[in-house]
Structure formats: structure tokens, C-alpha cells
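Next come the chains, spelled out residue by residue.
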Amino acid sequence: MPQTAAVISGIQRMVLYETRARYFLVGSNHSQTKHRVLKIDRTEPKDLVIIDDKHVYNQQEVRELLSRLDLGNRTKIGQKGSSGLSKAVSAYGIVGFVRFLEGYYIVLITKRRKMADIGGHSIYKIEDTTMIYIPNDSVRVSHPDEARYVRIFQNVDLSSNFYFSYSYDLSHSLQYNLTLLQRPYELWSAAVPSTEEEVHAQGKQDSFDIFEDEGLPTQVVYGLQNEPYYKYVWNGKLLERIKDIVHPDWLMYIIHGFCGQSKLLIYGRPVHITLIARRSSKFAGTRFLKRGANCEGDVANEVETEQIVHDASVMSFTAGSYSSYVQVRGSVPLYWSQDISTMMPKPPIRLDQADPYANIAALHFDQMLQRFGSPIIILNLVKKREKRKHEKILSEELYPAVINLNQFLPPDHRIDYIAWDMARYTKSKLCNVLDRLSMIAENVVKRTGFFINRSDFYCHTLRPDDRWRDVGGFVTSTGRLQTGVLRTNCVDCLDRTNTAQFMVGKCALAYQLYALGMIDKPKLQFDTDCVRLFEELYEDHGDTLSLQYGGSQLVHRVKTYRKIAPWTQHSKDIMQTLSRYYSNAFSDADRQDAINLFLQVYQPSEGKAHLWELPTDFYLHQRSTMALQYNRRSYTLWWSEGVLSYLPVPYDEVTCEDTMKTIKVRRMNQFDEGVDIYTEFFKPYELTSFDDTFCIGLTNSAREFMPKSVGVDPSPFTVRKPEETGKSVLGKSSKEETILQRKTAASAPPPPSEEAISSTSEDDSEEDRDDEGSVSQRSTPIKLLTESGESSRMQEEIQPQQAMKEPYGRNLAVCPAEKDLLIYERFAHLGENQHTVEKTERINLANIICLEPVSHFKDDSIYAVSLPQVDRGSHEMFESHVMTGQGQVRALCREDMLMYREYVKNRYM
């Protein structure tokens, strides 16, 4: 067990009980051995009064407490139907508390679904929520506009792409979370004494040690709990009212964006590829209503995308191999907007405010330097040549801003600016867009490097690769750190940006797999199972982000830029364009109001203009317009204090006084449920079905992408033709492929789910059904209308032929050629003569061939094998096992006492 570990939330399930005067929220850990109670007052019409019971209850104490509350709140003792305590709802977490014009509401998560697993830490997606009004009806002060605010708030669909985790900080990257655990032991041992008395008191209350007097030392682990990165937290304002009142286990922070995970099987070895996208909650909104940046440097449509690759055969963060790569997309950091009142598909771009000293861009890049380090690489994909100047306006403003900021930075840490007109390259028949993008991606990955928590393999030294030598980043004793980030943008940051990010991610994936020892060269080819799986993951990622910001799915995909998309894709692109235009014109305003209300950018109050009465929300997102700035930032020293001294390493990840303040340290037992990720993941106290486990339902490269035909190379890095793959590039399998899948159904993995089948078009599914019908007719044995004996004999002959053709790939009904038969007879004759020895002649084998033993065992042969040597430890273990079976138990050692102590404590205490 490591000396540091992430703290697992002690409240993962909760039940809300109701009386006339109070709500009682009873939260428990997953094993339901520890419980906490939150009391919410219902007699206050507009205030939120919450009392956190600091005591940690066991199961028996909670039952006694609830029975006492039930008995004490009954109107008539002994009368049926007059129970004073009733169960309102079961939940998995608190989203937050919100108030409009009346009293407070509590928002609870009622359904969840597991989406990914990273080192035993589960990531869940919110499936359903409930919103409960807290004050009692007797004290409720009604308001006519309350119902409208509730409808606007509920327009934010919490069941659509909101994620949370009980043990993993989703607002930070994997690099931050793992480097936090790898910090020196002296830091945590020095941080504990300030709160040692509190921790010891809490430890004695939470866990009673019956072996404390026996002198057995408790193995201490420092549990770490850090503050989230609030830029990517979407319910931070909803929890702000109770943050300083309740225990930290009640606080659960959610992110918005995308999370997907797929399994790559490399000759049976599972490698999980996870894609996590975190959408910024600052300056958040819809496509034409949120453009550019606000006065604090937060840009619209800012999304941080992280791809995580890890060897799933080892679960632990300390013993396993984990790698990640982060890149960012976001609107151009300038004051600009588009007027949608003209009802044009592409409204003209206008610059709202002059910024000659690039103050807004400086605030934005200062945030990036703190979080990602240097170098910051900008990939600007907007158009350069246009008949009527449109997108070019942004490039003409962004490039001088970068030049102005770079003149004050040290040369080694300046911002790199890459401008490339991707749309113009796409129209050219002579230029290959993806080849140019792959060159840019190779250069970017070599500059920034990537994160991996293990040192280089020795095989990289024996067989060095030229590209591996040039990889940048910060090399440490335990691996590599990514320093710097790629920031990609076009106008909308949707279609072109997603394709560019896919190409950079594909290049980074090759280096990650090479660093993990999975491939021999850091390069991946298109049309392999690995890249197809990764491309599907990125397209789901792009569709989700495009729906959130633009109102439709992607219009141009990777296949479009590869120019291999089917002719039906053009009509789909037109439909997506129309859907995006309709959403932007008619529904984006309502969605923007819902986002502003959910993020508490606008808070209703009496005497204040209603949200729907505001002509614009510009003043809600621009704080500088409502108050004068007394502390104006320097135009030359535009970065935060202390950032440059640690570059290229990001300031947020270094060990300094400011970053240590955001971390809470707790001394805990090694086997405490609060840090035991083994118990959290495997849940040995539950009876679970193997078919219901999360890893079974993962997208599998062998099941979904590898061809089902016989004799195919199972490597996911083998280039395949479109007709040879399990899932065709064009989205539709051919007739021969359907026949092969039908004939190899016994040995093939299970078919895809109904959801995957329903995602294809109706025409495709009808053609597939016709093909299946024709296959079933051909594969049915034909009974001849002759005598019964002859028909049965024919059927017996046909069935072995079909069974033999499947594994050997040859039809035995066709006789071999005469030449092949002659070769086989000669081979069989040689085999017979190999073992026959004429007894009349004595042959001296030493004169023919000299045979020398190469085995380490003296008596080894095909008839006898010498017994292997067994060490003393194995002897003792076997003797102990036999003695235990006979009723003779050996003396317990220290490890046995520790194990038994934890069992008794978790089972009976």
C-alpha cells in the first residue's frame, strides 16, 4: 500500500426521510457500515437551515435513530397510517441547493450509470435527477413567476452528459492526480501535525481498534483530498451555500462534457483507452450567443480533452502503467461576436471592443500557463483567403496579440502560433489534409510530450527509435510529464477542430502505446482496428460537444476529410446543417437562459428584472462593466506571480506553499474503507453477476472491429481492407462478410446490442436482413426425396464437410490434385521410415550425427521428466495447509493478526 492515497467519499448512497418539520438525509458508504445524517429545516419559508450531525453512525444506531424519529413525530400513537417519518426518495448524491423567488429546492441524483474505470476509480454518468421543494406547504409563500423559473432551470438536462466520481477528481487531469500522490512523504508528514489532534479524535470516533492494547502498530496512510478546479465544475455555485457547513463527503462535484472508454485487445492483453472532455463553466453558452472571451479571460466553448491509456491488467495507480495526453479547444480570445438578428446562416463577425495591449488574451494565456506550463501552441484553422472578409478578421487580430505578448516572455517559453487554412486545403484535389495535419501533430507531440507514470523500457535503449529521442516534456525519475498544451480553434471550434484534435490524439496515442511497450514503433496506420476504435471514440466525443454548443452533430467528420465517406453522407451533412441553423435561430436563447440560471450567473430576487426581460446577458458575464477595477494588471508583466520561475512545469503541479493550501491531509488506516480502492472496486460484500460487470459491456476491438473470418491476423495494428473488417468504414457490411459472420457464429463473440443495431439506417438493416435470410436458406442441409437411409447418409456427409471447412479453410468435397496426393504419400512414407530400425545391421549413431543435450535437466526426455526443485517456503505453505485440514492450526504471525483485526472491525464494529 502506498504512503499516500486519494480519499474515497464516505457517502455514496442516501435516503431522504420526511417529517412535517424537517427532512432527514441519511447518507452511507457503499458497504453501508458508516452513516451520516443531515437535518434540513422545513419551517423557514425562504432561508436554508442545515444541521450536519458530526456523529458517524453504524447500521444499528441509524435504525434506532429512525425508529425514534418515527415514534416521536406520530400524530396519534398506535394509529395506522399516521407515521411521522416517511421515505421520500433514494439517491446517489447531491447536485446542490437552489432558490428562485420562494424557498430552496434540493436536487438529488436518483439514477446513475457507470461509464469508465480508471485504476479502480469508477466514473458515473447522471441518468436521472429529482428536484424537491424543501419548505412545508403551511409556510410556503407563493409567487406567480416561481413555476417559470423552475421550468427554465429544468431545461438544463442533467441526464445528458454530466459526470461524477466518488474517488477520482474529474476536474483535474490524470497527470495532476498522480503527481499529487507521488509527492515526497516528508510533505504529508509535516502537514499533518497542525491538525493531528483533530485527526486522531476523528480516527478514534470513526474506527474503534480492539487490538490497540496488544502493541500491534497501525499502518498509517495519508489520505489526500484536494480542492477541485472550479473552472470545470458545474455545480460549484449550487453547493456554495453548504460548503462550509457540512462534512466534505456530502460535497460531490460534477463536470459537463463527454466521457467514453473502449477496450483495445492486444493478443488478449486489455488496454483501456479513455476520453474525457471537460467543458468550462465560465462564459458557457450556445453557439452564436457566446463568442470570444469575457473580461476575465474565459473563452466560449472551452473544452479540455484528455485521452488516457492504461494497461487494464494491473489496476493499482502505483503498480500499473498509466499515460495521458491533454489538448484544449476554445474560441478566439478576443472581444468579438455575431449578430443573429439578421437570420443569416453565417452572420457577420464584428469586433466589439478594441484591445490594443491584448489584455484579454493575456488573462487567458496566463490561466493556461498556470495549468499546463509551456510551450503553449496555438493551431488556428480559420480561413485566410475569402472573397468577403469574414473569418480572416479574427486572424488579423489574434496574431498581433500573440506577437505583443511574446515580446515580454523569455524566448524558451514563448507562445507558438501556427496558422493553417484547413478549409482551403480540403477543397484542393492535390493536397491531403490529414497528411498535413499528421506533420503538425508530430511536431506538437514532440514539443509538449505526454504523461506516463513509469520510466522508459530497457528495450527502448536496445532498439532506439529516432522519433522517440526527440520527444519533449519533463523527464522525472518515475516517468514523464506533459509540459505545455496544444490549443486548437476555428470559428465554431466544432468540425475542423475535432478532426485536428483527432489527428493529434492519434499521433499521441502511438507514442503512448510505444511508451507502454505495446508496439515497436511510435506510429499508427489508418484502417487498423486500433485507429478505427479511436476514431469512433473521437466522433462520439465530437458529436456530443457539437450538440452541446451548436445544437447538432458534426457536419464534417474524419471520413469526410479522408474523402472516403459514402455518397449518403452528403445528405446527412445537409440535415445536420439545417438542424444546427434551426437550433441557433429558435432554441438557443432558451438554452442560454437555462445555463445562466443553472450556473447562478443570474440569481432571481424581488425588485430585480426577470431573466426573460433582460435584453442581453452581456453584463452578467462581464463583471468589469459593473464595477471599476482598482488593481489593473501590468501590460508587460502579464503573467501571475511565480509562474515563470517553475516553467516549463505548470505552476498548479509544483510543490509550493500556494498549491499545498488546496490539499487536505488525513491520517488513516491502511485498510480503512476511505482509502481501500480494492474494496471500492470489487465490492466483496456484494453478490454480483459476472455478466453485469462493467468491463463486459465495453466496446471491444476484437469483438467490434476485428474481422470474423478465419486466418486473420488478430493484431489490432494490422491494416485491413474495408471489406475485411468486422465494422465497415462505410457503416454497412457486404454480403460475403455477412455470410462469414453467419458461419463463424459459434466461435465469434456475442452480437452487438440492440442500441448499436438501431443506430444504423433502416435501409441498411433491411438489406442485412435479406442477406441473413439468404444465408440461412443456403446453410440449411437439403433432404433429398429418396429413401430414408440415403438421405441420412447424405446429411452426415454434408455436415462433416461444413464442420471441417471452418477450422481448416478447405472444402473436403473437392478431391486433391494428383500432384498433392503424390507429395503427401512421400511425406507419409518418410514418416514411417523414421521410426523403423533394421535389426540385422548395427548402426553407430555417433558416426552419423553428434547429439548434445541442451536441457538443464539430466533425465529429461519425452518419456520422463525430472522433478522440479521446490523451495522451503512452498514446503512450509503446503505443510501448513495439510495441518489446517487435520485441525492443527499454526501460530498466527503479525500479518494474520492485522488481517483478522480488520475483518473483525469491518464486520462487527
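Above this text sits the structure in question.
A brief report on the enclosed structure follows. Given the structure is predicted, the values throughout are model-derived calculations rather than measurements.

### Concerning the overall build of the protein
Line of reasoning, step 1. For the protein, the helix and strand inventory stands at 27 helices and 25 strands.
Line of reasoning, step 2. When the 909 residues of the protein are sorted by exposure, 47% land in the buried category.
Line of reasoning, step 3. Considering only contacts in the protein between residues 6 or more positions apart, those separated by 24 or more positions represent 72%.
Line of reasoning, step 4. Accessible area of the protein: about 48,500 Å², with a carbon and sulfur share of 53%.

### Looking at the environment of Phe24
Line of reasoning, step 1. Mapping Phe24 onto the fold places it in strand 3 (residues 22–28).
Line of reasoning, step 2. Residue Phe24 is classed as buried on the basis of its relative accessible area, which comes to 5%.
Line of reasoning, step 3. Separated by 15 residues in sequence, Phe24 and Lys39 place their C-alpha atoms 4.9 Å apart.
Line of reasoning, step 4. Setting aside chain neighbours within four positions, we find Phe24 in contact with Val15, Leu16, Tyr17, Thr19, Val37, Leu38, Lys39, Leu69 and Leu85.

### Regarding empty space enclosed by the protein
The gaps left among the atoms become clear once a water-sized probe is rolled over them.
Line of reasoning, step 1. The final tally for this structure, using the stated rule, is three cavities of 30 Å³ or more.
Line of reasoning, step 2. Estimated volume of the largest cavity: approximately 130 Å³.
Line of reasoning, step 3. Lining the largest cavity are 13 residues, with Ser173, Gln175, Arg371, Phe372 and Glu653 positioned closest to its centre.
Line of reasoning, step 4. Elements represented by at least two residues in the lining of the largest cavity include exactly helix 3 (174–181) and helix 6 (359–372).
Line of reasoning, step 5. Residue composition of the lining of the largest cavity, grouped by class: four nonpolar, five polar and four charged.

### Considerations on the pattern of salt bridges
Pairing of side chains with opposite charge becomes possible as their charged atoms draw close.
Line of reasoning, step 1. Summed over all chains, the structure comprises 34 salt bridges.
Line of reasoning, step 2. Between Glu227 and Lys243 there is a salt bridge whose closest N-O contact spans 3.7 Å. Taken as a pair, Glu227 in the loop between strand 11 (220–226) and strand 12 (255–266) and Lys243 in the loop between strand 11 and strand 12 lie far apart in primary sequence, 16 residues in all.
Line of reasoning, step 3. We classify Lys243 as partly exposed; its relative accessible area is 30%.
Line of reasoning, step 4. The partner of Arg557 in a salt bridge is Glu539, with the nearest N and O atoms 3.5 Å apart. Of this pair, Arg557 sits in the loop between helix 13 (529–549) and helix 14 (558–562) while Glu539 sits in helix 13, placing them 18 residues apart in sequence.
Line of reasoning, step 5. In this structure Arg557 comes out as buried when scored by relative accessible area, which is 14%.
Line of reasoning, step 6. A residue is classified by how much of its surface remains accessible, and Glu539, at 12% relative accessible area, is buried.
Line of reasoning, step 7. Taken together, the salt bridges that share partners define one network made up of Glu535, Glu539, Asp543, Arg557 and Lys559.

Basis of the calculations
Residues numbered from 1 in each chain as written. Predicted model: local features only at pLDDT ≥ 70, side-chain atom pairs only at ≥ 80, totals over all residues. Heavy atoms only, no water. Helix = DSSP H or I, 4+ residues; strand = E, 2+ residues; numbered from the N terminus. Buried < 20%, exposed > 50% of the residue type's maximum accessible area, 1.4 Å probe, protein only. Contact = heavy atoms within 4.5 Å. Areas by Shrake-Rupley, 256 points an atom, 1.4 Å probe, with all protein chains shown as cover. 1 Å grid on protein atoms, 1.4 Å probe; cavity = no way out; pocket = protein on both sides within 12 Å on 5 of 7 lines; lining within 4 Å. Points joined across faces, edges and corners; volume = space filled by probe spheres on them. Nonpolar A, V, L, I, M, F, W, Y, C, P; charged D, E, K, R; others polar. Salt bridge = Lys/Arg side-chain N within 4 Å of Asp/Glu carboxyl O.

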